[in-house]
Amino acid sequence: MKFRHMFALFVLVTVSLSIFTSGTVMAQSTLQKVMEERGLTEKDVLAAAKTYVPTGGRDDYVVFSSGGQSGHLIVYGIPSMRILKYVAVFTPEPWQGYGFDDESKAILAQGRIMGKDITYGDTHHPAISETDGDYDGRYLFINDKANPRIGVIDLHDFETKQIVANPFFRSAHGGCFVTPNTEYVMEASQYAAPYSHDFVPLEKFNDEYRGGLTYWKFNRETGRIEAENSFTFEMPPYSQDLSDAGKGPSYGWGFNNSFCSERYVGGIGRGRPPFEAGCSSKDTDFLHITNWKKAEELVAAGKVTKVNGAYLITMEQAIQEELMYLVPEPKSPHGCDVTPDGKFIIVSGKLDSHAWVYSYEKIMQAIADKNFEGYDPYGLPIIALHDALERSVNVGLGPLHTQFDSEDGVCYTSIYVDSQITKWNYRTGKILDTIPIHYNVGHLMTMEGDSKTPDGKYLVALNKLSIDRFNPVGPLHPQNHQLIDIRGSQMQLLYDMPLPLGEPHYAVAIRADKLHPVINYRTGWNSRNDERSPHRSRAGRERTVRNGNRVDIYGTLIRSHINPEIIEVTEGDVVSIHLTNLERAQDEVHGFAMYGQNIQLSIEPGKTASATFTADKAGIYPYYCTEFCSALHLEMQGYLLVQPKGYKAAEIQIEDGTKYTKEDYEAQVATNIATQDVINQVVGFITSHNYQDFATVVALVEDATDQLGFADEVKAKSEAAAAEGDYQNAMLWANQWWQYQVKTADLGLRAKTFLEQNGAVKIK
Ligand code: RUQ
Ligand code: CUA
């Protein structure tokens, strides 16, 4: 700590003022005043300038970070470090309605373990889909270590589409890592357990407990994992740890490090030394090397049998077919990172100070020569360390993970015990730079840093502890992501970002221009499975269908009303409310919350979402829209009336609280006519410009046209009532006519502003 303070002081006094010599004297003095007032150094200001994204600006990279135990995914931008979204994966998330609408409940149900709902996840490693070894921005995968599951997120809308649970494992740490064309998603087990779901005593650990590595088959067309075409390598009960897929020359192979190859079973309570003692007593563990390409051919040829309903390549078969090999790894290793050129695999010795660089070429040579130093207790061939190793490099005490720079050979390793990042060259073994980190760093991430062509530029240290960094908020501190500039020869710390969610183990960063998410859905869309919803409805087609005690309500949402506004059911009915958002305009989301039923939906433009519940208690249940969607958002409301069994409706009519006259009606009509003039002017502006070239505006115009159509319908109703001298209803319908006009004008003005700001040209 002392050293770090001195270092900061040193920088403070030595950095020259030269960077501020340009610009006006005025600006300079203002800047200096702010610096004085806030106690900022020039180094601080430079760091701020490197991370600041001016209002309205966008980030160059988008990060997908594990949300740790929250079971979510955290999305943020670089260099600004602004959080953009949490994507719910394994855990309900109310804002997005995830785990509240029937559609997403079905996704979460895919992740049940032995029939139980698991509503958290211990997420560790997100992976972006790849094409030819580069991030393609289409899909994202993330694992749950505690309950071996994988979530599949489609980046066209940033929603979770699928959860698969591993048929063999009881925990899975070494996922998700994808093969270069996302043929497979790798998931390795961690804590060995019997493959059967039965009780097997610990005494049978060596014989019946197993580790393993699953290659989940991914179908790019459907965007789903195909459990039926996936296969698992049975592995010894060593704790398989992290994985990575070969690329370039090593394409077709996968690599996993491991620890506790001692196969030690602790038991403090039984008087035995704990796991940690027995699991780190040997000098070496094993790097597992698997040939997935050849395994895939065996599966296709029908040579692999299914266990627990899934393909299992037994160790016996792997040995026979020459699919799996081991190489010793020193010192309770961690990390397993294939270099961008696919020629080397870097594993760190967690309990010493070396990173071990294995040569793929040497490994293949040993395999070709059948040059093995022996066999493990299960008969797996072991390649001698000196036959596989390219070099070992002293990078600092407790090295963990390695990421890569755009510059050939340059890489960065997180050093847990020494709390630093070491920049070094895996081709020469030279140490290039180090930077201290606050405090223990786990993973680290460079931009597109585990793809075939890393961008480098920035590095984020994902720190395990954040003592002294932020305003205190109690014993549980936020997590800390530290942004480091790696563009120069020396690394420079720019920014600390507190993350108040879980332990975000790993993150991946993709160039922002590779992501092309949609802004709305086709009307009537089930976003959770990406199909048209059978429960969709359209304007004017809202209806209630009763079948015994089942009631289905097919409703719609549009600024600023929910249709239906009154729902009547009988105590004991099973009620499904299906709501379609009729809007198309960007960000015009409606929510739907109801008293006492644990219902909160998020219905984005075009989406259809459903909520099913039993109306088990008679009573009055207000519901409303939860997004401030328009000036009359608070009026976007309704009542569910749960009537007691045998209830007879009263004969009385609803009496309006306010009475209207002919004069009220005429005044409203005058307002409406004036409003129509404004609309006409806006429409004139839009149609005289090339608005068709702007998808955002086209969507706004479509919504506006809808609203104007509704205005015409109720205008007719208003006039009909007036013709009969019913000024009460004439006035109410005239007011609704005006509401539609206001929404039309609002949409039109948004479209006009957009055109003005985005350089639309006059065409007529
Ligand atoms: S690993 S503890 Cu990613 Cu360093 Cu999970
Ligand atoms: Cu819709 Cu508020």
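Residues numbered from 1 in each chain as written. Chains lettered and ligands numbered in written order. Predicted model: local features only at pLDDT ≥ 70, side-chain atom pairs only at ≥ 80, totals over all residues. Heavy atoms only, no water.

1. Focus on the side chain of Gln-600
Moving on, step 1. Structurally, Gln-600 can be placed in strand 42 (residues 599-603).
Moving on, step 2. Engagement of the side chain of Gln-600 in a polar contact is seen with the backbone oxygen of Pro-94, the distance being 3.2 Å.
Moving on, step 3. When sequence neighbours within four positions are dropped, the list of residues in contact with Gln-600 reads Pro-94, Trp-95, Gly-97, Phe-100, Phe-592, Ala-593 and Thr-626. (Helix = DSSP H or I, 4+ residues; strand = E, 2+ residues; numbered from the N terminus. Polar contact = N/O pair within 3.5 Å; in protein donor to acceptor, adjacent residues only side chain to side chain. Contact = heavy atoms within 4.5 Å.)

2. Observations concerning the pairing of strand 12 (residues 224-235)
Moving on, step 1. Where burial is concerned, most of strand 12 is hidden: nine out of the twelve residues are buried.
Moving on, step 2. Hairpin connection, strand 11 (residues 209-219) to strand 12: the antiparallel pair is bridged by four residues, and Gly-223 has positive phi, about 70°.
Moving on, step 3. Sheet topology note: the strand 12/strand 17 (residues 310-313) ladder contains three bridges and is parallel. By the bridge assignment for strand 17, Phe-231 is matched with Tyr-311. (Buried < 20%, exposed > 50% of the residue type's maximum accessible area, 1.4 Å probe, protein only. Pairing = 2+ DSSP bridges.)

3. Re the pattern of salt bridges
Moving on, step 1. On inspection of all chains with the given rule, the structure shows 41 salt bridges.
Moving on, step 2. Between Glu-448 and Lys-514 there is a salt bridge, with its nearest N and O atoms 3.0 Å apart. Of this pair, Glu-448 sits in the loop between strand 29 (441-447) and strand 30 (456-463) while Lys-514 is found in the loop between strand 33 (507-511) and strand 34 (525-526), placing the two residues 66 residues apart along the sequence.
Moving on, step 3. Judged by its relative accessible area of 2%, Glu-448 is buried.
Moving on, step 4. A salt bridge links Arg-559 to Asp-703; its shortest N-O distance comes to 3.7 Å. Here Arg-559 is found in the loop between strand 37 (550-558) and strand 38 (561-563), whereas its partner Asp-703 is found in helix 12 (residues 695-723), with 144 residues between them in sequence.
Moving on, step 5. One network of salt bridges, in which partners are shared, links Arg-559, Glu-583, Arg-584, Glu-588, Glu-702, Asp-703, Asp-706, Asp-746 and Arg-750. (Salt bridge = Lys/Arg side-chain N within 4 Å of Asp/Glu carboxyl O.)

4. Details of unusual backbone geometry
Moving on, step 1. The omega torsion across Arg-559 and Ser-560 is -5°, close enough to zero to call that bond cis.
Moving on, step 2. Inspection of the secondary structure assignment puts Ser-560 in the loop between strand 37 and strand 38.
Moving on, step 3. Phi is positive for Asp-587, which is not a glycine, with a value near 70°.
Moving on, step 4. Tracing the backbone through its elements, the reader meets Asp-587 in the loop between strand 40 (574-581) and strand 41 (590-594).
Moving on, step 5. Look at Asp-587 and you get exposed, because its relative accessible area is 65%.

5. As for the site of ligand 1
Moving on, step 1. The immediate surroundings of ligand 1 are formed by His-124, His-125, His-173, Leu-242, His-334, His-401, His-443 and His-505.
Moving on, step 2. Considering only residue class, the shell around ligand 1 consists of one nonpolar, seven polar and no charged. (Near = heavy atom within 4 Å. Nonpolar A, V, L, I, M, F, W, Y, C, P; charged D, E, K, R; others polar.)

6. Here we look at the packing of helix 12 against helix 13 (residues 727-757)
Moving on, step 1. At a minimum axis distance of 8 Å, the contact between helix 12 and helix 13 shows a crossing angle of 165°. As summarised for this structure, helix 12 and helix 13 are arranged roughly antiparallel, according to the angle between their axes. Both helix 12 and helix 13 take part in a crossing whose hand is left-handed.
Moving on, step 2. In terms of residue class, the contact of helix 12 with helix 13 is made up of 19 nonpolar, six polar and five charged. (Axes fitted to C-alpha atoms, helices over the stretch in contact; angles between N-to-C directions. Parallel < 35°, antiparallel > 145°, perpendicular 65-115°, else oblique. Left-handed = near helix turned anticlockwise from the far one by under 90°.)

7. Considerations on the state of the cysteines
Moving on, step 1. Scanning all chains against the criterion turns up one disulfide.
Moving on, step 2. Linked covalently through their sulfurs, Cys-260 and Cys-279 form a disulfide whose S-S length is 2.1 Å. Taking the sign of the torsion about the S-S bond as the criterion, the disulfide between Cys-260 and Cys-279, at about -55°, is left-handed. In this pair, Cys-260 sits in the loop between strand 14 (253-259) and helix 6 (275-278) while Cys-279 sits in the loop between helix 6 and strand 15 (284-291), placing the two residues 19 residues apart along the sequence.
Moving on, step 3. Residue Cys-260 is classed as buried on the basis of its relative accessible area, which comes to 4%.
Moving on, step 4. Cys-176 forms no disulfide, and the closest cysteine sulfur to it belongs to Cys-336, at a distance of 15 Å. (Disulfide = S-S within 2.5 Å.)

8. Details of the sheet that holds strand 33
Moving on, step 1. The strand order across the open sheet built from four strands is 3-2-1-33, with neighbouring strands paired in antiparallel fashion. Of all the strands in the sheet, just strand 3 (83-88) and strand 33 have a single pairing partner and so form its edges. Each adjacent strand pair in this sheet contributes to an overall mean axis angle of 20°, direction not counted.
Moving on, step 2. Sheet topology places strand 1 (residues 61-66) next to strand 33; five bridges connect them, and they run antiparallel. Note that in strand 33 the partner of Ser-65 across the bridge is Ala-507.

9. Details of the packing of helix 11 (residues 662-687) against helix 12
Between two packed helices, what matters for the description is the angle formed by their axes and the separation of those axes.
Moving on, step 1. Packing of helix 11 against helix 12 leaves a shortest axis separation of 13 Å and a crossing angle of 155°. What the angle tells us is that helix 11 and helix 12 run roughly antiparallel. At the point where helix 11 passes helix 12, the crossing takes the left-handed sense. Residues Tyr-665, Gln-676, Ile-679 and Ile-686 of helix 11 form the contact with helix 12, whose own contacting residues are Val-701, Leu-708, Ser-718, Glu-719 and Ala-722.

10. Observations concerning the side chain of Asp-341
Moving on, step 1. By the secondary structure assignment, Asp-341 is in the loop between strand 19 (333-338) and strand 20 (344-349).
Moving on, step 2. In terms of polar contacts, Asp-341 uses its side chain to reach the side chain of Thr-339, at 2.6 Å.
Moving on, step 3. Of note is the side chain of Asp-341, whose polar atom sits 2.6 Å from the side chain of Arg-427.
Moving on, step 4. When near neighbours in sequence (up to four residues on either side) are disregarded, Asp-341 contacts Lys-247, Gly-248, Pro-249, Tyr-426 and Arg-427.

11. Considering the domain arrangement of the chain
Moving on, step 1. If you check the domain split of the chain, you get domain 1 (2-51), domain 2 (61-88 + 121-514), domain 3 (525-643) and domain 4 (662-757).
Moving on, step 2. Each of domain 3 and domain 4 has a C-alpha centre, and the two are 25 Å apart.
Moving on, step 3. Contact residues are listed per partner, giving twelve residues for domain 3 and 15 residues for domain 4.
Moving on, step 4. Across the domain 3/domain 4 interface, buried area totals approximately 1100 Å², and carbon plus sulfur atoms make up 47% of it.
Moving on, step 5. The largest per-residue losses of area from domain 3 upon contact with domain 4 belong to Arg-559, Arg-584 and Gln-586, which jointly make up 50% of the total buried on that side.
Moving on, step 6. Our count for the domain 3 to domain 4 interface comes out at six salt bridges.
Moving on, step 7. In this structure, Asp-703 engages Arg-584 in a salt bridge whose closest nitrogen and oxygen atoms are separated by 3.2 Å.
Moving on, step 8. The interface formed by domain 3 and domain 4 contains six residue pairs in polar contact (both at pLDDT 80 or more). (Domains from an automatic or database assignment. Buried area = accessible area lost by both parts, 1.4 Å probe.)

12. Some words on the sheet that holds strand 45 (residues 637-643)
Moving on, step 1. One open sheet holds the five strands; their spatial order is 39-45-44-41-42, and the pairing between them is mixed. A strand with exactly one partner marks an edge of an open sheet, and here the two such strands are strand 39 (566-570) and strand 42. Strand-to-strand, the axes of this sheet are offset by a mean angle of 15°, without reference to chain direction.
Moving on, step 2. In this sheet, strand 45 lies alongside strand 39 in parallel orientation, the contact comprising five bridges. Bridge pairing in strand 45 places Val-569 opposite Val-642.

13. Structural notes on a nonpolar patch on the surface
Moving on, step 1. On the surface, a nonpolar cluster with roughly 240 Å² of combined accessible area is contributed by Leu-397, Tyr-416 and Val-417.
Moving on, step 2. With respect to the helices and strands, the residue Val-417 is situated in the loop between strand 26 (410-415) and strand 27 (420-425).
Moving on, step 3. When its relative accessible area of 48% is taken as the criterion, Val-417 is described as partly exposed. (Patch = residues over 30% accessible without salt bridge, like charges linked within 9 Å, V, L, I, M, F, W, Y side chains within 5 Å. Areas by Shrake-Rupley, 256 points an atom, 1.4 Å probe, with all protein chains shown as cover.)

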